[in-house]
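Chains, contacts and geometry: an overview
So you can see what is in the structure, the chains are spelled out below.
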Amino acid sequence: MRDDARFVWHPYTQHHRAPQPVPIARARGSWLYDTDGRGILDAIASWWVTTHGHAHPAITEAIAEQARTLDQVIFAGFTHEPAARLAAELVSRLPTSLSRVFYSDDGSTAVEVAIKLSLQSFANRGEPRRLVAALENAYHGDTFGAMAAGARGVFTHMYEPLLFEVARLPDPSEGDALAALDRLLNTRGHELAAVIVEPLVLGASGMRVWSAEVLRGIRERTAAAGVHLIADEVMTGFGRTGPMFACELAGVQPDLICLSKGITGGVLPLGATVATEAIFDAFRSDDRRKTFFHGHSYTANPIACAAALASLQLFDASCDAARERIATFHATQLAALHGTRGVKQVRHIGTVAAIELDAPAGYLSDIGRELAAYALHEGVLLRPLGNVAYCLPPYCTTNEELGLVYDVVHRFLDGARVAPITSGGPVDD
Ligand SMILES: *Cc1c(COP(=O)(O)O)cnc(C)c1O
């Protein structure tokens, strides 16, 4: 596509050396089709968003109907049925602590809103707290507040001096986050407004799975200290880890939850931050300065809300069964891969499977790229995170289709490659 090469700037892409992007013409179910009609299995749900499959008729129909009826309206001073109903439907499915829905545009804005709500709720009560704690290896998005909360690395080093201070707790998949939290609460507990976590799986840093026990420990300690727990379920929400929300796996009630990605079935952008009634109450006042002065042009876009409502309807018993089936298939396949030459570790939670590849030192950073290139050649979309390959499929993906993904991984481990290996293939640096 000549116009793409001439006029478009792609995300996470080094345009000096990246190969031409794959032109996709249409998509259906678990498959993308390029402009030549070749099918590519979407094994990563198009960046973790697609839940029920591409172009699901119930969702596309709801979108068409809503677009004909009410496309967009300012959401301050006005409201509409899709936003109101979606808020009610979300609250009915969320942990019972959560009851007020603030809409935004994407995962990053959902995180920004959660952090701002926490900080301002303390200020509004006249007991300001300004410190946020987050996990090592966390990812919370690419806007400034979300970058500050996320782990620092190559993506953020440019902006480091501009990012606000965040207290770091060890990644619970490899360190003692609870002991560190105890120390932090002892020394700076009175400054701490919130702890933000990706519940049970640190996604972008390589699908690092961590324990429900530790999440409960974080909840107990923050609750006792009057500190908010922010659950960033942008990736884990909407069935990804098994239940509707990962917090359910730990029986944890957060003060704030961040939702996006799968919220519309992965069809339209929408973010939501859901707060407790106590946080909402901290903003109710005759003093106008206590208002939450935050909003986006497209806040609660009716078409996105309609897509989300249609998507929620699809979380029925058969969707539960499909996620169970995928989880079981992953478990079986990963058990077979465990201990295989070239595999360092396997990880699994719900519909998410991760395979950490092993390779000679110095070669490690290229192996993910090689796998992505080989998989694409074989008609499977994988986008390893460094040396961690993962499969995070739409829930309509059949076992036969999942089998294609694991076959590709096995052949790659057996030495299959595409030549020549292009540098800067379709994976993150
Ligand atoms: C993807 C992601 C985000 C950012 O969402 P965007 O929609 O890309 O801004 C935030 N938190 C987590 C856990 C994510 O996986």
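Residues numbered from 1 in each chain as written. Predicted model: local features only at pLDDT ≥ 70, side-chain atom pairs only at ≥ 80, totals over all residues. Heavy atoms only, no water.

1. Description of the site of the ligand
- Around the ligand lies a shell formed by Trp 48, Asp 106, Gly 107, Ser 108, Tyr 139, His 140, Gly 141, Glu 198, Asp 232, Val 234, Met 235 and Lys 261.
- Within the backbone of Gly 107, one N or O atom sits 2.8 Å away from an oxygen atom of the ligand.
- For the ligand, an oxygen atom lies 2.6 Å from a polar atom in the side chain of Ser 108.
- Protein coverage of the free-state accessible area of the ligand, which is 380 Å², stands at 84%.
- Of the residues in the shell around the ligand, the class split is four nonpolar, four polar and four charged. (Near = heavy atom within 4 Å. Polar contact = N/O pair within 3.5 Å; in protein donor to acceptor, adjacent residues only side chain to side chain. Areas by Shrake-Rupley, 256 points an atom, 1.4 Å probe, with all protein chains shown as cover. Nonpolar A, V, L, I, M, F, W, Y, C, P; charged D, E, K, R; others polar.)

2. Let's talk about the pairing of strand β3 (residues 39-42)
- Bridging between strand β2 (residues 31-34) and β3 involves three bridges; their strand directions are antiparallel. For Tyr 33, the partnering residue across the bridge sits in β3 and is Gly 39.
- Where β2 folds back on β3, the antiparallel hairpin that results is connected by four residues, among which Gly 37 adopts a positive phi of roughly 85 degrees. (Pairing = 2+ DSSP bridges. Helix = DSSP H or I, 4+ residues; strand = E, 2+ residues; numbered from the N terminus.)

3. Quick look at the environment of Leu 90
- Looking at where Leu 90 falls in the secondary structure, it is placed in helix α4 (residues 81-93).
- Given the relative accessible area of 1%, Leu 90 is considered buried.
- Between the C-alpha atom of Leu 90 and that of Leu 309, which follows or precedes it by 219 residues, the distance is 9.1 Å. (Buried < 20%, exposed > 50% of the residue type's maximum accessible area, 1.4 Å probe, protein only.)

4. Some remarks on the sheet that holds strand β11 (residues 256-259)
- As summarised here, the arrangement of the seven strands in space is β4-β12-β11-β10-β7-β5-β6, forming an open sheet in which the pairing is mixed. The outermost strands of the open sheet, each flanked by one partner alone, are β4 (98-104) and β6 (166-169). Going across the sheet, the axis of each strand differs from the next one's by a mean of 20 degrees, ignoring polarity.
- When strand β5 (residues 131-135) meets β6, the two strands line up parallel, connected through four bridges. In the sheet register, Leu 135 faces β6, and the bridge partner there is Leu 169. (Axes fitted to C-alpha atoms, helices over the stretch in contact; angles between N-to-C directions.)

5. Thoughts on the pattern of salt bridges
- Inspection of every chain in the model, using the stated rule, returns 19 salt bridges.
- For the salt bridge of Arg 93 with Glu 89, the shortest nitrogen-to-oxygen distance reads 2.6 Å. Of the two residues, Arg 93 and Glu 89 are both situated in helix α4; the distance of four residues between them amounts to about one turn of the helix.
- For Arg 93, a relative accessible area of 26% gives the class partly exposed.
- With a shortest N-O distance of 2.7 Å, Arg 347 and Glu 356 are connected by a salt bridge.
- Judged by its relative accessible area of 16%, Glu 356 falls in the buried class.
- Several salt bridges share partner residues, and in doing so they unite Glu 165, Arg 188 and Glu 191 into one network. (Salt bridge = Lys/Arg side-chain N within 4 Å of Asp/Glu carboxyl O.)

6. Some details on the packing of α4 against helix α11 (residues 302-313)
- Here α4 crosses α11 at 35 degrees, and the two axes come no closer than 9 Å. Handedness of the α4/α11 crossing: left-handed. Residues Pro 82, Ala 83, Arg 85, Leu 86, Glu 89, Leu 90 and Arg 93 of α4 lie in contact with α11, whose contacting residues are Pro 302, Cys 305, Ala 306, Ala 308, Leu 309 and Leu 312.
- Split by residue class, the contact of α4 with α11 holds ten nonpolar, no polar and three charged. (Left-handed = near helix turned anticlockwise from the far one by under 90°. Contact = heavy atoms within 4.5 Å.)

7. Some remarks on unusual backbone geometry
- The backbone of Ala 45 shows a phi angle near 50 degrees, a positive value even though the residue is not glycine.
- Not every positive phi belongs to a glycine, and Trp 48 is a case in point at roughly 75 degrees.
- Of note, Trp 48 is situated in helix α2 (residues 45-48).

8. Thoughts on the nonpolar core
- Core analysis: the largest hydrophobic core is formed by 66 residues, its most contacted members being Met 207 and Leu 259.
- If you tally residues by element for this core, the top one is helix α7 (residues 177-188), at six residues.
- Looking at this core, you find at least three residues from each of domain 1 (2-55 + 316-413) and domain 2 (57-313).
- Of all hydrophobic cores here, the second largest spans 29 residues; its members include Ile 355, Ala 359, Cys 391 and Val 408. (Core = buried A, V, L, I, M, F, W, Y, C linked by side-chain atoms within 4.5 Å. Domains from an automatic or database assignment.)

9. Remarks on the domain arrangement of the protein
- Taken as a whole, the protein is organised into domain 1 (2-55 + 316-413) and domain 2 (57-313).
- A C-alpha centroid distance of 26 Å is found between domain 1 and domain 2.
- Facing 26 residues of domain 1, the contacting portion of domain 2 comprises 29 residues.
- Counting each side, the surface lost to burial between domain 1 and domain 2 is near 2,100 Å², with a carbon and sulfur contribution of 59%.
- Among the residues of domain 1 in contact with domain 2, Tyr 12, Trp 48 and Ile 349 are the three that bury the most area, contributing 30% of the side total.
- Between domain 1 and domain 2 we count zero salt bridges in total.
- At the boundary of domain 1 with domain 2, the tally comes to 14 residue pairs in polar contact (both at pLDDT 80 or more).
- Of all the secondary structure elements, the ones that give two or more residues to the side of domain 1 that touches domain 2 are α2, β13 (343-349), β14 (352-357) and β16 (388-391).
- Residues belonging to the side of domain 1 that touches domain 2 are distributed by class as follows: 16 nonpolar, six polar and four charged. (Buried area = accessible area lost by both parts, 1.4 Å probe.)

10. Thoughts on the packing of helix α12 (residues 317-337) against helix α14 (residues 399-413)
- At a minimum axis separation of 11 Å, α12 and α14 run at an interaxial angle of 20 degrees. Taken together, the axes of α12 and α14 lie roughly parallel to each other. Remark: the crossing between α12 and α14 carries right-handed chirality. In contact with Arg 325, Ile 326, Phe 329, His 330, Gln 333, Leu 334 and Leu 337 of α12, α14 contributes Asn 399, Leu 402, Gly 403, Tyr 406, Val 409, His 410 and Leu 413.
- Across the contact of α12 with α14, the residue classes tally to eight nonpolar, five polar and one charged. (Parallel < 35°, antiparallel > 145°, perpendicular 65-115°, else oblique.)

11. Quick notes on the sheet that holds strand β15 (residues 380-381)
- Reading across the sheet, the four strands line up as β1-β2-β3-β15 and stay open at both edges, with mixed pairing between neighbours. Two strands in the sheet have a free side with no partner beyond their single neighbour: β1 (24-28) and β15.
- Both β1 and β2 contribute to a ladder of four bridges, which runs antiparallel. Paired with Ile 24 across the strands is Asp 34, a residue of β2.

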